[in-house]
Amino acid sequence: MTVDHLHDHYELYYLLSGERIYFIKDRSYRIRAGDLVFVDRNAVHKTLDSGRPDHDRLVLYISPELFAELAVPPELAEGLKEPFGWDVPILRLPSPAGEVVERMVGEMVNEMIHPQAGSSWLLRHRTVELLLFAYRSRHLGTVRSADTEPILHPKTQAVVRYLNDNYQ
């Protein structure tokens, strides 16, 4: 979505192809195919054209209730939510880990295109599996701001950061 917005659920964005600029809170990031972007609840965000035409993506909206309903220890449920709070909420995995995510996402897309009995349950299961894989793989592909942040509007970003930090 190219308009600033926020919502009360988590958003998991996977770029299947192309390149985008993703603005989250007060920073922008250049993301590329294979990147997972984790948008926390109530975080202002939007995507923008990177100058390269065409992109395909999968966007999952995750209800906070999902984590409460999981039959897992509370520390694991918190671990699954952890990527949404990372300083740079992007996971860029090298092969073969990136190929595992690509396969999982491909299975999810196929299930959405060709729904069958139990599709909603399977998609929920795959979402949790994807979050668990991201949590376990964070050491392989977390990125630093300098690796992803385009120098498009540094003064604007500084102003937005100041406003966010000093809002009260």
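Above this text sits the structure in question.
What you are looking at is a predicted structure, and each value in this text was computed from that prediction instead of being measured. (Residues numbered from 1 in each chain as written. Predicted model: local features only at pLDDT ≥ 70, side-chain atom pairs only at ≥ 80, totals over all residues. Heavy atoms only, no water.)

1. Observations concerning the nonpolar core
Working step 1: Within the largest apolar cluster, 26 residues are counted, with the highest numbers of intra-cluster contacts made by Leu-12, Leu-36, Phe-38, Ile-62, Phe-67, Leu-130 and Leu-131.
Working step 2: Elements with a minimum of two residues in this core: strand S1 (10-17), strand S4 (36-39), strand S6 (56-62), helix H1 (64-69), helix H3 (97-113) and helix H4 (119-136).
Working step 3: If we ignore the near neighbours within four places in the chain, the residues touching Leu-130 are Leu-12, Leu-36, Leu-60, Val-101, Met-104, Val-105 and Met-108.
Working step 4: Of all hydrophobic cores here, the second largest spans 11 residues; its members include Tyr-22, Ile-24, Val-37 and Ile-90. (Core = buried A, V, L, I, M, F, W, Y, C linked by side-chain atoms within 4.5 Å. Buried < 20%, exposed > 50% of the residue type's maximum accessible area, 1.4 Å probe, protein only. Helix = DSSP H or I, 4+ residues; strand = E, 2+ residues; numbered from the N terminus. Contact = heavy atoms within 4.5 Å.)

2. Focus on the sheet that holds strand S3 (residues 27-32)
Backbone-to-backbone hydrogen bonds pair the strands of a sheet. The strands run either parallel or antiparallel.
Working step 1: Pairing in this open sheet of 3 strands is antiparallel, and the strands run S3-S2-S5 from one edge to the other. One side of each edge strand has no neighbouring strand; the edge strands of this open sheet are S3 and strand S5 (45-49). In this sheet, adjacent strand axes meet at a mean angle of 25° when their direction is disregarded.
Working step 2: Judged from the 5 bridges that link them, strand S2 (residues 19-24) and S5 form a sheet pairing that is antiparallel. (Pairing = 2+ DSSP bridges. Axes fitted to C-alpha atoms, helices over the stretch in contact; angles between N-to-C directions.)

3. Describing the sheet that holds S6
Working step 1: With antiparallel pairing, the 4 strands of this open sheet are ordered in space as S6-S1-S4-S7. The open sheet is flanked by S6 and strand S7 (90-91), the only strands paired with a single partner.
Working step 2: Bridging between S4 and S7 involves 2 bridges; their strand directions are antiparallel. Bridge assignment links Val-37 to a residue of S7, and that residue is Ile-90.
Working step 3: Packing of H4 onto the sheet brings it into contact with S1, S4, S6 and S7, and relative to S6 it is tilted by some 100°.

4. Considering the packing of aromatic side chains
Remark: the centre distance and the inter-plane angle together describe each pair of aromatic rings, the angle taken between the planes.
Working step 1: Here the structure, examined in full by the defined rule, presents 5 aromatic pairs.
Working step 2: When the centroid spacing of 5.6 Å and the interplanar angle of 70° are considered together, the rings of Phe-38 and Trp-86 count as edge-to-face. Here Phe-38, found in strand S4, pairs with Trp-86, found in the loop between helix H2 (74-81) and S7; they are 48 residues apart in sequence, far enough to count as distant. Side by side, Phe-38 and Trp-86 carry an identical accessibility label, which is buried.
Working step 3: A connected cluster of aromatic rings, assembled from ring pairs, spans Tyr-10, Phe-38, Phe-67, Phe-84 and Trp-86.
Working step 4: For Arg-138, the ring lying beneath its charged end belongs to Tyr-135, and the centroid distance is 4.2 Å. (Phe/Tyr/Trp six-rings, centres within 6.5 Å; stacked < 30°, edge-to-face > 60°. Lys NZ or Arg CZ within 6 Å of the ring centre and 35° of its normal.)

5. Description of H3
The α-helix advances 3.6 residues per turn, and as a result positions three or four apart in sequence lie on the same side.
Working step 1: Counted at 1.5 Å a residue, the expected span for H3 with its 17 residues is 24 Å, and the 25 Å between its end C-alpha atoms agrees.
Working step 2: Among all positions of H3, only Ala-97, Gly-98, Val-101, Met-104, Val-105, Met-108 and Glu-111 are buried. Taken down its axis, H3 places every buried residue within 150° of arc, on the same side. Exposed side of H3, more than 90 degrees from the buried face: Glu-102 and Ile-113 are the residues found there.
Working step 3: Of the surrounding elements, those touching the buried residues of H3 are S1, S4, S6, H4 and helix H5 (138-141). (Expected span 1.5 Å × (residues − 1). Arc of directions from axis to C-beta.)

Shape descriptors only; they carry no functional weight alone.
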